[in-house]
2 protein chains.
Amino acid sequence: MSRWHSHSHSTISSSAALRLAQLSSHFTPAVSSEQSSTMTKPKTSAQAAHPLTLIPGPVEFTDEVLAAMATPSQSHVSPQFVEVFGDALALLRQLFFNTDKQAQTFAIAGAGTLGWDFVAANLIEPGEEALVLHTGYFADSLADCIATYGGKPTQLKAPIGDIVTLDAIETALKEKKFKVVTITHVDTSTGVLSDIKSIAALVRAVSPETLVIVDGVCSVGVEEIRFDDWDLDLVLTAPQKAIGVPAGLSIFIASGRALDVFRARKVPPTSYYASFAKWLPIMQNYEAKKPSYFSTPPVQNIHALLASLKQILAVPLADRFAAHARMSDRIKATIASYGLKQVAFREGYQANGMTAVYLPEGVALPDLLPRIASRGIVLAGGLHKAIATKYFRIGHMGVSVTDEDREDFDKALAAIKESLAEAGYTM
Amino acid sequence: MSRWHSHSHSTISSSAALRLAQLSSHFTPAVSSEQSSTMTKPKTSAQAAHPLTLIPGPVEFTDEVLAAMATPSQSHVSPQFVEVFGDALALLRQLFFNTDKQAQTFAIAGAGTLGWDFVAANLIEPGEEALVLHTGYFADSLADCIATYGGKPTQLKAPIGDIVTLDAIETALKEKKFKVVTITHVDTSTGVLSDIKSIAALVRAVSPETLVIVDGVCSVGVEEIRFDDWDLDLVLTAPQKAIGVPAGLSIFIASGRALDVFRARKVPPTSYYASFAKWLPIMQNYEAKKPSYFSTPPVQNIHALLASLKQILAVPLADRFAAHARMSDRIKATIASYGLKQVAFREGYQANGMTAVYLPEGVALPDLLPRIASRGIVLAGGLHKAIATKYFRIGHMGVSVTDEDREDFDKALAAIKESLAEAGYTM
């Protein structure tokens, strides 16, 4: 048996196994009960009755987005599809308030996770340092990804539910030269919201050449992100959160500075599929409405992306953010009125698209989630390893928030209250 | 400017630019004309009228598959989705006549191309040798992918339109030790069909430890592949070809031997997203109907995969292959009756799911494809760099073949004949 196998690999395997066991343990209750869950017909939707998915992604989708997923076949180089893909890439810029054409938007068959490979394979060379700001589970995975490509991640960890302070970041930046700083805008495992604007300004002041990378998987479309104004270098996301499109895409925007850093690499990118060299000309061509080929794009998913972006951008983004903030405030206040505490405890640093809630004393996940599921509402268990069995998560992004006539959260909050009572909890 | 940038990178860029220019040149005609193309309502389908996509992928999809793409939101760890994903992975085995449970099927958000990264990052260690059998464009890309991960590809090239002979393969195998041999089952750029059964038997006899890797992107679902009986190690494919599902997945099956080779690696896989270490436990869990998480799977695409697999496996695979062979024979005979020649010229080594056809003397792609498009039929231009402007391609896979009542190829063959005449060609 090789040295790698006996050490690193078995570590990977056992930690993966542990994680799976943890996940299974708190999902299994829902497995048995959800079978009998009430199917809910959203009031304003033509969709078949189904359990309402109110987790931090995938979220509920609009009828128009689902119809776009069922677009009849099109050649990936047909004029019809080139138009759709080009428009989607252009509209994506608006989500980031981006007008600087040195930057480029990307939408590639894959997943949010694949965005980390793009960062690690293209913007960090083997041996280069990365400062990973840790506000939950996803920073561990991102650090793992960076190390996979030969980068050297240093994690700066906040206590569970808290942010990494600007002071701590400044101290770290002064200790050594980092090629990139990564920030999880909203860590889906804790609901902590990082202040990327202030962090980016600090990085630019203290270490001007360091690239600022934002994991916006649970933030793009619900939290304000001014890519140009805040001088960010790469923001990656996934479609199944606040963008409101089924999973299946890796979406990101890279700055001109990031692309220049890529162009100046000493060694070529160490991924084939996740290579800027392959995809940059493709995205540039499609956005210029020219057919182009490296690997067949997911035609239907791109149609759905365009359909959703058109719906999102039909109202000012400020209104969209405000609607999410209002719903978030309402959910957080209601949860507090039930006597429950949030994982993300620091006021002002709580996500607007999700809430992570500690279970009350004496109520376990298997006591609660199945009861909520039986009321037609699907919520998520915990994900942060250290506290996974002690909390649950509510996602409040997309059409469930913006279309109040659906009454999704009236149902969800009532279901939580009733289920808590059924589980023996007295408010 | 770095050394890498001034050499390898500019080579990559200029070859990519060249390829894009070539592609643009033969797709542009279709761009202008297809706008006015006849929209065709497939006779037996509920889909909106649309140009019939009869290219070597994406192909036309069934109504059931498109409906599955529009499945309302589901949690990726919900019992409903776990059931669907598990069933899809199990049914995928049947496409490969696989019953050996040491092997594992995978379906991951991405593209056919990503399958190459899985091979190069997991089954070949840096410095190890790969023998790449070249029957067209896609072997060049696969060799590029292998080199990206530090493997050493040796290409064995057939003349355009021909196969690599068993003698040539045997000679190469005896010259040095190869970690893997890769075979493009059907090269989509030429329509050449390789005899993977005989090649696999030869490899096993001459170099028993060498892994046999099959790029089945344009073959799985239309050509017979007996994974266990033929002792193959990995077959990768994409959904938008003969599996009849929209693009957006990387699909593959890996043998127990391949997984053991992976487990015995000296260094960990050099990709994060395309890592067996990450995905193997996930696939095993879903197939065992247990929820599991590494990266959010594309819920709707997996529903569509299951829908299509159920339709495909509702009839014996032998009947499906025979139907494709009959249609292929008919198309090839009709093309020959028009006086046109195939790129894949060797009898018995021609794909059953596509036909690459040389243009007649005096007719250029811009003279032909737009005329065909105006009749509601979308065909593809050339892709093999050396002959790209000299031929066109017809895809004949999936529902357009198996549902003869659609009459897709009656229309397509008539459109080709009429368009050739219009372009001034006399048969």
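Above this text you will find the structure in question.
These remarks concern the structure in this document. The model shown is predicted, which means the values in this text are computed figures rather than measured ones.

Conventions used here
Residues numbered from 1 in each chain as written. Chains lettered and ligands numbered in written order. Predicted model: local features only at pLDDT ≥ 70, side-chain atom pairs only at ≥ 80, totals over all residues. Heavy atoms only, no water. Contact = heavy atoms within 4.5 Å. Buried area = accessible area lost by both parts, 1.4 Å probe. Salt bridge = Lys/Arg side-chain N within 4 Å of Asp/Glu carboxyl O. Polar contact = N/O pair within 3.5 Å; in protein donor to acceptor, adjacent residues only side chain to side chain. Helix = DSSP H or I, 4+ residues; strand = E, 2+ residues; numbered from the N terminus. Nonpolar A, V, L, I, M, F, W, Y, C, P; charged D, E, K, R; others polar. Least-squares fit on C-alpha atoms with pLDDT ≥ 70 in both. Axes fitted to C-alpha atoms, helices over the stretch in contact; angles between N-to-C directions. Parallel < 35°, antiparallel > 145°, perpendicular 65-115°, else oblique. Left-handed = near helix turned anticlockwise from the far one by under 90°. Pairing = 2+ DSSP bridges.

## Re the interface of chain B and chain A
On the side of chain A, 86 residues touch chain B, which itself brings 86 residues to the contact. Together, the buried faces of chain B and chain A total about 6,500 Å²; carbon and sulfur atoms form 64% of this surface. Where chain B touches chain A, the interface holds 2 salt bridges. Of the charged contacts in the structure, one is a salt bridge between B:Asp144 and A:Lys278, with a shortest N-O distance of 2.7 Å. Summed over the shared surface of chain B and chain A, the number is 19 residue pairs in polar contact (both at pLDDT 80 or more). Listed by contribution, the elements that provide at least two residues to the side of chain B that touches chain A are α1 (3-34), α2 (63-69), α3 (79-95), α4 (112-122), α5 (137-148), α8 (256-263), α9 (276-287) and α10 (299-312) of chain B. Here the side of chain B that touches chain A takes 12 residues from α1(B), the largest share from any one element. Of the residues contributing to the side of chain B that touches chain A, the split by class is 47 nonpolar, 30 polar and 9 charged.

## Observations concerning the relation of the copies chain B and chain A
With an RMSD of 0.0 Å, the operation that places chain B on chain A is a rotation of 180° combined with a shift of 0.0 Å along the axis. The transformation just described matches what one would write down for a two-fold rotation axis. Relative to the rotation axis, the closest C-alpha in chain B is found at B:Gly110, a distance of 2.1 Å. When the interface residues of chain B are mapped onto chain A, 100% of them again fall at the interface, so both copies present the same face.

## A closer look at the packing of helix α6 (residues 166-175) of chain A against helix α7 (residues 196-206) of chain A
Residue and element names in this part refer to chain A. At a minimum axis separation of 10 Å, α6 and α7 run at an interaxial angle of 25°. Regarding the angle of α6 to α7, the classification is roughly parallel. Relative to α7, α6 is oriented so that their crossing is right-handed. When α6 is examined against α7, the residues Leu-166, Ile-169, Glu-170, Leu-173 and Lys-174 are found in contact with a partner set consisting of Ser-198, Ile-199, Leu-202, Val-203 and Val-206. Tallied by class, the residues present in the contact of α6 with α7 amount to 7 nonpolar, 1 polar and 2 charged.

## A look at the sheet that holds strand β2 (residues 104-109) of chain B
Adjacent strands of a sheet pair through backbone hydrogen bonds, lying either parallel or antiparallel. Residue and element names in this part refer to chain B. With mixed pairing, 7 strands are arranged side by side in an open sheet as β2-β10-β9-β8-β5-β3-β4. The open sheet is flanked by β2 and β4 (152-157), the only strands paired with a single partner. If you compare each strand with its neighbour and ignore which way they point, the axes differ by 20° on average. The pairing of strand β3 (residues 129-134) with β4 spans 6 bridges and is parallel. Across the sheet, the residue bridging to Ala-130 is Pro-153, located in β4. Lying over the sheet, α4 contacts β2, β8 (211-215), β9 (234-237) and β10 (249-254), oriented at roughly 155° with respect to β9.

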